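# Descriptive analysis of the structure
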Amino acid sequence: MRGNLFLSRVQKMINPAPEIGGLAFSDAGIRFLLMQPGVKKPTTSALRLPPGIIEKGKVKDSAKLVAALKKFRSQIGGGRAMQNIILLLPEEIVYTQPFSMPFLEESKMEESALLNLQMLSPTDFSHVYSGWQKIGERFLGTAQVDLLGAVAEREFVDAYTKTAEEAGFIATAVEFPGLALARSISEGLPKDDPRQSLCIIHVSGEGVLFLIAQKGNLYFSQSHSWLTLREEYGGKDLSQNDFQAFIASEAQKVLNFYQSRWGKPVDSLFVAADEMTGKIIDGLKDTFGVPVEALTLPAFQGIPHAWLPLLGSALRGTMPRNEDSFLSLADHSVRERYEETRVIAFIHAWRSVAVATFAILTLFFGIGDAFIIQKLNDVKKNILDGNPADKAEIVRLQAEAKEFNSFASRIENANNEAVSVSESLNNILTLSQGVALIRVSVEGKDLLINGFTKSEPEVIAFKERLEKSGIFSEVLLPLANIKANPDGTYSFGVSLTAKEDE
């Protein structure tokens, strides 16, 4: 046990896991939240956006959004390294639907879930990103598994992920406020809280979000932006009475949906609206026959209700990647993107360490060299002044200075070689499209790459990209080095040589 703990600590020192925060977009602006280990209060930052950049959850001016994101990146103290994020999309561009299936083998679950998502998708399935996650089990005559499915149009999602990446943010996963808010509530309530079924009304600067959570899992979510509500009320701002009537009407619809599905009312209705919470509760008391109360999360005291969805995304960022089973609306799995970013973080961190170490050594020996030269000049001056020193001592000092200069030169060459190795690793990472790298061993100019892919042709394609890059020579991939794994992937080993700079 102690040995495993020691190895885990060593691994974290050698290749530290990158911090992953939550980044949310809305018509009103951009917000960021980061949960740091050992710090109870999260780091938060927000930037308002001028009108017209994002409208109804869709990016209308990507150039201005990139500029705003770069400004925001510097505002939160971003350095040269990419900031890893869980990207929180506006709720209105995501379509969600719970569905049930018979219990299946794990290998068949993915195929069956995708078929269901194709039928549920409101638009052409080839034009959307989709995801699903298990949310429960039921036994009604036959064993059933409940899943939550979600789809979002690729065009809308890509507009966020690409502009974010251009500004220095890289999305490990992509989700939506309803899913993230359910996670915050599940993590924030006491573990022994008896309430299993909850309806939540969440009011923020983006609008109003209704959701149903069962045993900590999201089953239903529906949002209404303020712009949409104004349009529904003839383009005018809602009065207090109009708003209360809207909340009561929509809440009744959500509660009816739960009653029809489970045959019983929810255990409690929570209101999370910061300073508006009390007025909303007063307007809903004795209306539905279920307890109506303000949402209080003992684990996250002091965090405003408006920040709870983003808090849920940041909490997801603190999870071990192999335990993240939540859905993601992206063209890559959560684990794949995490491994890519961890390799990048490893290269950047150790390249900086190597450069700093050699710089310190060069400075140290430079100071020593200057001292010896000064000593030699003093001896020469003494000779010229008529106070001759031992000539043998002069010769010895000159030899030492020559040997020291030679050693300093070798240090500088070693520094250049370290940078060259880092450049080779960066080039390999750039060419590793669709390839998961496990290990890159370096000995001088010779490199050995171990990894795995989803298919054998992808291994061959990776080898060809290395050959065509013009950066490497003697790219060797013996057929015996390609092995099929039990999970359907293919492991491989490629040896190659980095070319000398011309």
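Residues numbered from 1 in each chain as written. Predicted model: local features only at pLDDT ≥ 70, side-chain atom pairs only at ≥ 80, totals over all residues. Heavy atoms only, no water.

## Quick notes on the overall build of the chain
Here is the rule we go by: Only DSSP runs of H or I with at least four residues qualify as helices, and only runs of E with at least two residues qualify as strands; both kinds are numbered from the N terminus onward. To sort residues, take the accessible area from a 1.4 Å probe on protein chains only and compare it with the maximum for the residue type: under 20% means buried, over 50% means exposed, and anything in between is partly exposed. Residues are treated as being in contact if the distance between any of their heavy atoms lies within 4.5 Å. Per-residue and other accessible areas were derived by the Shrake-Rupley procedure at a 1.4 Å probe size, with only the shown protein chains allowed to occlude residues.
The helix and strand inventory of the chain stands at 12 helices and 20 strands. A buried classification covers 42% of the 502 residues belonging to the chain. Taking the intrachain contacts of the chain between residues at least 6 apart in sequence as the baseline, contacts between residues at least 24 apart amount to 64%. When the accessible surface of the chain is split by element, carbon and sulfur atoms take 54% of a total near 27,000 Å².

## A closer look at the pairing of strand β9 (residues 142-153)
Just so we agree on the cut-off: The criterion for strand pairing is that DSSP finds at least two bridges linking the strands in question.
Within β9, nine of the 12 residues are buried, leaving the element largely enclosed by the surrounding structure. With 12 bridges connecting them, strand β8 (residues 128-140) and β9 associate as antiparallel partners. Residue pairing for β9: Leu 140 is matched across the bridge by Thr 142. Turn length for the β8-β9 hairpin, with the two strands adjacent in sequence and antiparallel, is one residue, and the turn residue Gly 141 shows positive phi of about 85 degrees.

## Considering the pattern of salt bridges
Heads up, the condition is: Each salt bridge in this description consists of a side-chain nitrogen of Lys or Arg and a carboxyl oxygen of Asp or Glu lying within 4 Å of one another.
Summed over the entire model, instances satisfying the criterion amount to 15 salt bridges. Of the charged contacts, one joins Glu 293 and Arg 195 as a salt bridge, the two residues approaching to 2.7 Å between their closest N and O atoms. Note that Glu 293 is positioned in strand β15 (residues 292-294) and Arg 195 in the loop between α5 (177-188) and β11 (197-204), a separation of 98 residues in sequence. Exposure remark for Arg 195: the relative accessible area of 26% places this residue in the partly exposed category.

## Side note on the side chain of Asp 324
Here is the rule: Pairs of N or O atoms within 3.5 Å make up the polar contacts considered here, provided that, within protein, one atom can donate a hydrogen while the other can accept it, and that residues adjacent in sequence are counted only when both atoms are side-chain atoms.
Along the chain, Asp 324 falls in the loop between α9 (308-317) and α10 (334-384). Residue classification places Asp 324 among the buried positions, given a relative accessible area of 11%. Of the polar contacts made by the side chain of Asp 324, one reaches the side chain of Arg 321; its length is 2.9 Å.

## Topic: the sheet that holds strand β6 (residues 83-88)
Inclusion rule: Axis definition: a line fit to C-alpha positions, over the contact stretch in the case of helices; interaxial angles, taken between N-to-C directions, run 0 to 180 degrees.
Reading across the sheet, the five strands line up as β3-β2-β1-β6-β10 and stay open at both edges, with mixed pairing between neighbours. Looking at which strands have only one partner, the edges of the open sheet turn out to be β3 (43-48) and β10 (169-175). Across the sheet, the mean angle separating the axes of adjacent strands is 25 degrees when strand polarity is ignored. In this sheet, β3 lies alongside strand β2 (residues 29-34) in antiparallel orientation, the contact comprising six bridges. Residue pairing in the sheet places Ile 30 in a bridge with Leu 47 of β3.

## Observations concerning the nonpolar core
Among soluble globular proteins, nonpolar side chains are generally buried collectively. The criterion, for reference: Only buried residues count toward a nonpolar core, which is a set of Ala, Val, Leu, Ile, Met, Phe, Trp, Tyr and Cys residues joined through side-chain atoms within 4.5 Å.
Counting residues in each nonpolar core, the largest one holds 92 residues, and the members touching the most others are Ile 30 and Leu 329. Looking at which element gives the most residues to this core, the answer is helix α7 (residues 240-262), with eight residues. Setting aside anything within four residues of it in sequence, one finds Leu 329 in contact with Leu 89, Val 94, Tyr 129, Ser 130, Gly 131, Ala 150, Val 151, Ala 152, Val 157, Val 174 and Phe 176. Judged by nonpolar contacts, the second largest core, of 18 residues, contains Leu 437, Val 459, Leu 466 and Leu 477.

## Let's talk about the packing of aromatic side chains
Here is the rule: Two rings belonging to Phe, Tyr or Trp (six-membered ring only in the last case) form a pair when the distance between their centres is within 6.5 Å. Interplanar angles under 30 degrees mark stacking, angles over 60 mark edge-to-face geometry, and anything in between is tilted. A ring has a charge above it when a Lys NZ or an Arg CZ is no more than 6 Å from the ring centre and no more than 35 degrees off the ring normal.
With the rule as written, the count across this model stands at seven aromatic pairs. Taking 5.9 Å as the distance between ring centres and 40 degrees as the angle between the ring planes, the aromatic pair formed by Trp 226 and Phe 243 counts as tilted. Remark: Phe 243 occurs in helix α7 and Trp 226 occurs in helix α6 (residues 226-232); sequence separation between them is 17 residues. Of the residues examined, Trp 226 reaches a relative accessible area of 22% and is grouped as partly exposed. Residue classification places Phe 243 among the buried positions, given a relative accessible area of 4%. Consider the rings of Phe 462 and Phe 492, whose centres lie 5.8 Å apart with planes at 65 degrees: the pair is edge-to-face. Of this pair, Phe 462 sits in helix α12 (residues 456-468) while Phe 492 sits in strand β20 (residues 490-498), and the two are 30 residues apart along the sequence. Each member of the pair, Phe 462 as well as Phe 492, is classed as buried. Three or more aromatic residues joined by ring pairs make a cluster, and in this case those are Tyr 219, Tyr 258 and Trp 262. We note Arg 31 situated over the ring of Trp 307; from NZ or CZ to the ring centre the distance is 4.8 Å.

## Digging into the environment of Lys 162
With respect to the element layout, Lys 162 can be found in helix α4 (residues 154-166). When the C-alpha positions of Lys 162 and Val 66 are compared, they lie 9.1 Å apart, and in sequence the two are 96 residues distant.

## Some details on the side chain of His 305
Tracing the backbone shows His 305 in the loop between β15 and α9. Side-chain polar atoms of His 305 contact the backbone nitrogen of Ala 273, separated by 3.1 Å. Among all residues touching His 305, those that are not within four sequence positions of it are His 202, Val 271, Ala 272, Ala 273, Asp 274, Thr 277 and Leu 295.

## Section: the sheet that holds β15
Strand order in this open sheet of five strands is β13-β12-β11-β14-β15, and the pairing throughout is mixed. Both outer strands of the open sheet, β13 (217-225) and β15, are each paired with one neighbouring strand and no more. Within the sheet, the average angular offset between the axes of one strand and its neighbour, ignoring direction, is 20 degrees. Note that strand β14 (residues 268-272) and β15 share three bridges and pair parallel. Across the sheet, residue Leu 269 finds its bridge partner in β15, namely Val 292. Helix α8 (residues 277-284) contacts β11, β14 and β15 of the sheet and is inclined by roughly 175 degrees relative to β15.

## As for the confidence of the model for the chain
Let me state the cut-off plainly: A residue's pLDDT is the predictor's confidence in that residue, given on a scale from 0 to 100.
Across the chain, the average pLDDT comes to 83, with 80% of residues at 70 or higher. Below a pLDDT of 50 lies the segment residues 5-15, which in the model reaches six contacts outside its immediate sequence neighbourhood of four places, other chains included. Across residues 346-350 the pLDDT falls below 50, and counting only partners more than four positions away or on other chains, this stretch makes seven contacts in the model.

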